[in-house]
Amino acid sequence: MELPGGNSLHWRVNRSVTETVVFIISLLVGLLISLSESWSKAVTFYVLPVGILYIRLLFLVGIPLACLGLFRGVRRLTDAWRPGQVPRLAVTLFVLLTAGGGVLGLWLGYLTKPGLGLPFFPPEPGEVFRMVQLLLPEVLFLCFLGGLAIGRMDERGAAAGNTLESFAELLGTMGEMLLRLAPAGVAALLIPLAALSGRQILAPLAKIILLGGLVALAYGALVYGLLLRRCGKDCLRHFRSFFLPVMLRAVTGCSSRRSARESAHNLERMGVDPERAETLVELGSLVNGPGTAFYLGLALMVAIQFSGLVLIPGYYVVLAVLIVVAVWAGSGIPSGGLFLLLCLSQLLGLPAESVGLLVVAERFLDAVRTLLNVTGTGVTAYLADKLGWK
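The model shown is predicted, which means the values in this text are computed figures rather than measured ones.

Reading guide: rules and limits
Residues numbered from 1 in each chain as written. Predicted model: local features only at pLDDT ≥ 70, side-chain atom pairs only at ≥ 80, totals over all residues. Heavy atoms only, no water. Helix = DSSP H or I, 4+ residues; strand = E, 2+ residues; numbered from the N terminus. Buried < 20%, exposed > 50% of the residue type's maximum accessible area, 1.4 Å probe, protein only. Contact = heavy atoms within 4.5 Å. Areas by Shrake-Rupley, 256 points an atom, 1.4 Å probe, with all protein chains shown as cover. Core = buried A, V, L, I, M, F, W, Y, C linked by side-chain atoms within 4.5 Å. Axes fitted to C-alpha atoms, helices over the stretch in contact; angles between N-to-C directions. Parallel < 35°, antiparallel > 145°, perpendicular 65-115°, else oblique. Left-handed = near helix turned anticlockwise from the far one by under 90°. Nonpolar A, V, L, I, M, F, W, Y, C, P; charged D, E, K, R; others polar. Expected span 1.5 Å × (residues − 1).

**What to know about the overall build of the protein chain**
Thought 1: Along its length, the protein chain carries 16 helices and two strands.
Thought 2: Residues counted as buried form 54% of the 390 residues belonging to the protein chain.
Thought 3: Considering only contacts within the protein chain whose residues lie at least 6 apart along the sequence, 87% involve residues at least 24 apart.
Thought 4: For the protein chain, the exposed area adds up to about 17900 Å²; of that, 68% sits on carbon and sulfur atoms.

Written as structure tokens, this is what we have:
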């Protein structure tokens, strides 16, 4: 398929297509089973434990991966920061886009309340998860200090950092292997949930996937469109014609990290200075995450409502700050948004099973957040070059 700018897009059946098909089939099967009370009880007894096991496996890999991600994020941020080469306005825009995405996600979750109304009550967490909840804040703080400390050390610090980087790569590979089992995990979760809830499950899924996706895309179109119009009436068309292939591949591949090199290449084709394009894309992959922040805000509200917790207004400010920090910690982690959600849910003391509905909708939410992240980085780099930001 030919795209503007001389690019081509090759369609193939990948994991996104597979998980989408499994999602639709599982939902239909669950709704059919809900018509029989005996079959619903049988599916809940035999199939649901498999789905809960998959969630707990994600937790056991995702929490240490998120902790090491914070360490890696701090270290990579200090390495990527190049005084004189990184415009301050670009960094400010990165932070504002990320914070705006997080606040929008929290607001949408609070307004629509997609986590309420499901007749599925999670069991008490085990001792392992209680210990994790108790120690996780201290561990995260130590990881942050570790990333700063290694940046101030000599070659010994570099050696220690490389060892931890290798361990993080190992956990990342394990996480990717678990995500390859997502079709089975989604089926084991969605069929029992649909069987128990019947058509009642359609409303929360629609709020999370359809409404959440539309609001996120509207946020991106409005904010990025207004920003591009600042540099001239033709900038929007120029950017879209060259960057559209990157955006489409980001959606189908669901990976901000894999899109970074292609983003820099297409920015160079648009006339952006190669060194500046590479620097800004690298920095954007570390601190720019409006899509991930929006996802975390919406997902945390779903998990909190699902668990029956009530937050005082001041807690929402704390959540917004945690989301921005978590986005920085998740840079470079495959499907980082999901693993960051698992870590934050434990940090807030939520049971592991409260994220079950979000694991089911992960593929659709991942596509939206990746699109917002990649496009935000590209728009900021483009503006920094065209407007001469220093």
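Picking up where we left off.
**Examining the nonpolar core**
Thought 1: If you look at the biggest cluster of nonpolar residues, it comprises 60 residues, and the most contacted ones within it are L58, L205, L296 and V355.
Thought 2: Broken down by element, this core gets its largest block of residues, twelve residues, from helix α3 (residues 48–80).
Thought 3: Other than its neighbours up to four places away in sequence, L58 contacts L178, L179, L338, F339, L342 and V359.
Thought 4: One finds L228, F243, V246 and M247 within the second-largest nonpolar core, a separate group that totals 34 residues.

**Some thoughts on the packing of helix α12 (residues 290–307) against helix α14 (residues 336–347)**
Axis angle and axis distance: for two packed helices, these are the angle between their axes and the distance between the axes, and together they describe the pair.
Thought 1: Orientation of α12 relative to α14, taken along the N-to-C sense of each, is 40°, at an axis distance of 10 Å. Comparing the axis directions of α12 and α14 gives the class oblique. Relative to α14, α12 is oriented so that their crossing is right-handed. Taking contact as the criterion, the partners of T292, Y295, L296, A299 and L300 in α12 are, on α14, G337, L338, L340, L341, L344 and S345.
Thought 2: Tallied by class, the residues present in the contact of α12 with α14 amount to eight nonpolar, three polar and no charged.

**As for unusual backbone geometry**
Thought 1: Positive phi is not limited to glycine here, since K113 has a value of about 50°.
Thought 2: Examined against the element boundaries, K113 turns out to sit in the loop between α4 (88–112) and α5 (127–152).

**Describing the environment of L93**
Thought 1: By secondary structure assignment, the location of L93 is in helix α4.
Thought 2: Judged by its relative accessible area of 12%, L93 falls in the buried class.
Thought 3: With 287 residues separating them along the chain, L93 and T380 place their C-alpha atoms 7.2 Å apart.

**A few points about helix α16 (residues 362–386)**
Since one α-helical turn is 3.6 residues long, residues separated by three or four positions face the same way.
Thought 1: Here α16 is 25 residues long and its end C-alpha atoms lie 36 Å apart, about the 36 Å a rise of 1.5 Å per residue gives.
Thought 2: Counting buried residues along α16, 22 of its 25 residues qualify, which places the element largely inside the surrounding structure.

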